[in-house]
Amino acid sequence: MLHIAVIGSGPAGYYTAEACQKQFGEACRIDIIDRLPVPFGLIRSGVAPDHQSIKAVSRRYEAVALTDNVRFVGNVTVGEHVSIEELLALYDAVVLATGAPLDRPLGIPGEDLPGVVGSAAFVGWYNGHSDHAALAPVLSGPGAVVIGNGNVALDVARVLAKTGAEFEGSDIVAHALDALGTATIETITILGRRGPHQIAMTPKELGELGHLTRAMPLVDAADLPPQEADAALEPGQRKSVQHLRDFAAHTGNGADKPIHIVFDFFAMPIAIEGDGKAERVIVERTALDGEGRATGTGETYAIPAALVVSCIGYRTPPIPGVPYDERLGRFANDEGRVMPGLYAVGWARRGPTGTIGTNRPDGFAIAEQVAVDVAAAGSGKQGRPGLDTLLASRGVAPVTFRDWQRIDAAEIARARAGSPREKFTRVEEMLKAGKS
Ligand code: NAP
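Below: a short report on this structure.

The next subject is the pairing of strand S8 (residues 187-191). Taken residue by residue, a regular strand's side chains alternate between the two faces of the sheet. With four of its five residues buried, S8 lies for the most part within the structure. Judged from the five bridges that link them, strand S7 (residues 143-147) and S8 form a sheet pairing that is parallel. Each residue of the ladder has a partner; that of Ala144, found in S8, is Ile188.

Its place among the elements puts Val76 in the loop between strand S3 (70-73) and helix H5 (84-90). Taking the C-alpha atoms as reference points, Val76 and Val399, separated by 323 residues in sequence, lie 8.1 Å from one another. Setting aside residues up to four positions removed in sequence, Val76 forms contacts with Ile33, Asp34, Arg35, His81, Val82, Leu391, Val396 and Pro398.

The environment of the ligand is formed by 21 residues, the closest being Asn149, Asn151, Arg193, Arg194 and Gly354. Contacts to the ligand include Asn151, whose side-chain N or O atom sits 3.0 Å from an oxygen atom. Protein chains shield 80% of the accessible area of the ligand, which is 920 Å² for the free molecule. At three residues, the largest contribution of residues to the shell around the ligand is made by helix H7 (residues 151-161). A per-class count over the shell around the ligand returns nine nonpolar, seven polar and five charged.

The next point concerns the pairing of strand S14 (residues 307-310). Burial along S14 is two-sided: Leu307 and Val309 and Val308 and Ser310, pointing in opposite directions, are all buried. Sheet analysis places strand S6 (residues 116-118) next to S14, joined by three bridges and oriented parallel. Residue pairing for S14: Val116 is matched across the bridge by Val308. Where S7 and S14 come together, four bridges link them in parallel fashion. In the strand pairing of S14, Val146 is matched with Val309.

Moving on: the packing of helix H6 (residues 119-126) against H7. Orientation of H6 relative to H7, taken along the N-to-C sense of each, is 45°, at an axis distance of 11 Å. Overall, the two elements H6 and H7 adopt an arrangement that is oblique. Considering how the two elements wind past one another, H6 and H7 form a crossing that is left-handed. Taking contact as the criterion, the partners of Ser119, Phe122, Val123 and Tyr126 in H6 are, on H7, Val152, Asp155, Val156, Val159 and Leu160.

We now examine the packing of aromatic side chains. One pass over the full model with this rule turns up 13 aromatic pairs. Taken together, a centroid distance of 5.6 Å and an interplanar angle of 55° make the contact between Tyr14 and Phe40 tilted. In this pair, Tyr14 is assigned in helix H1 (residues 11-24) and Phe40 in the loop between strand S2 (28-33) and helix H2 (41-45), connecting sequence segments 26 residues apart. Summarising the burial analysis for this pair, Tyr14 and Phe40 share the class buried. Centroid distance Phe72 to Phe401: 6.4 Å. Interplanar angle 85°. Geometry classified as edge-to-face. Of this pair, Phe72 sits in strand S3 while Phe401 sits in helix H14 (residues 401-413), placing them 329 residues apart in sequence. Comparing Phe72 with Phe401 shows no difference in burial state: the two are buried. Taken together, Tyr14, Tyr15, Phe40, Tyr61, Phe72, Phe401 and Trp404 form an aromatic cluster joined through their ring pairs. When the ring centre of Phe167 is taken as origin, the NZ or CZ atom of Lys162, which lies over that ring, is 5.8 Å away.

Scoring rules and cut-offs
Residues numbered from 1 in each chain as written. Predicted model: local features only at pLDDT ≥ 70, side-chain atom pairs only at ≥ 80, totals over all residues. Heavy atoms only, no water. Buried < 20%, exposed > 50% of the residue type's maximum accessible area, 1.4 Å probe, protein only. Helix = DSSP H or I, 4+ residues; strand = E, 2+ residues; numbered from the N terminus. Pairing = 2+ DSSP bridges. Contact = heavy atoms within 4.5 Å. Near = heavy atom within 4 Å. Polar contact = N/O pair within 3.5 Å; in protein donor to acceptor, adjacent residues only side chain to side chain. Areas by Shrake-Rupley, 256 points an atom, 1.4 Å probe, with all protein chains shown as cover. Nonpolar A, V, L, I, M, F, W, Y, C, P; charged D, E, K, R; others polar. Axes fitted to C-alpha atoms, helices over the stretch in contact; angles between N-to-C directions. Parallel < 35°, antiparallel > 145°, perpendicular 65-115°, else oblique. Left-handed = near helix turned anticlockwise from the far one by under 90°. Phe/Tyr/Trp six-rings, centres within 6.5 Å; stacked < 30°, edge-to-face > 60°. Lys NZ or Arg CZ within 6 Å of the ring centre and 35° of its normal.

The following block contains the structure:
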């Protein structure tokens, strides 16, 4: 029997389990360990609450979870309840699918001021992640700045701009819906340190900004390259840039809607200032050098903002004893191999890029590598019974998938009208619902 432990129950973790099932069939047992009592990682707490069609992929993971050779081991923290060394001694293969839940730092003065938050925290807050439910972001000023030109910046700007009615059908948590309902933000500035051709925003997500009830995207036509230059872009990027052109072509300067989402290109944040809290972002105008990098021009200006959300990418938390690439913020690995018996998939392997589906081939690649590295019959390691004995000796009672199904049912039962669920945001609440 081949024993595989996957650390992390997000998309990369479940795709790996699915791939191992396909590769090894009944000859393997897979334990998916998560520090939270609830599964699905980024699907539950990263994907925007108003993107329910993306979240529906969790049904596929559920089908994997309900098979006999896969087990969810929730509320167990690797590094606290069990070490990597112990897992390597118990399992033929240990797969790190821990994602990238830490915000990359901005590295500019003022980033620690109250009012400045990273997107992991902000997104976790409106999605009810237990680490971030108490964030209480400042929503009372007239200005907010969102730093970055990726899809997360779009998620954040859109969530800030939507009306309560526009969250109908979403699973945004009540504390965020209530707080956003009292927000007084009128101008959301999205800062891009490079230009429209360098955005990392996909067309569907960008297009959504053009259909908001009370908010209007504004683009300065002077920032756009000549239309004929779009021909050199790959088709998806060309569509995204076309959305920016459509936003720029809209006449009326946004007078018809009260909230403005202003795209400020060639704009690099160099400091955040204020009297004990964020009040303004100091921005330096940039130009692109010959390699397409942003370089400061020396021209600076200030954008008033009580809330600053940096959406500039994420890092994987290191684990003691596991080789780590500081520069890239992920585990050091060679095509997913970290060290004998230890593998990495998803953002923990590649860094924080790609869509949910991008993680699927990662899982299949690792299953093939395990097949090459480990004898199909396994190496006689204990696997599950060994982990159970170890955890029991430490007084740790893992949350099972059956427990999660009870939490799931309780969240659905708590749902407000028009919402598919109301998530528990405290671990104790989740544990209680899982056992009742
Ligand atoms: P991202 O796509 O890598 O975008 C990060 C942005 O931050 C880039 O525009 C980057 O600019 C900018 N940036 C980096 N460092 C900066 C700094 N020091 N100052 C100013 N700007 C800086 O990352 P993301 O938005 O976090 O998204 C992560 C992944 O999740 C992406 O693959 C994304 O597509 C995916 N995602 C998908 C969806 C969806 O499909 N609906 C939703 C959310 C996220 P440069 O280009 O100049 O480096």
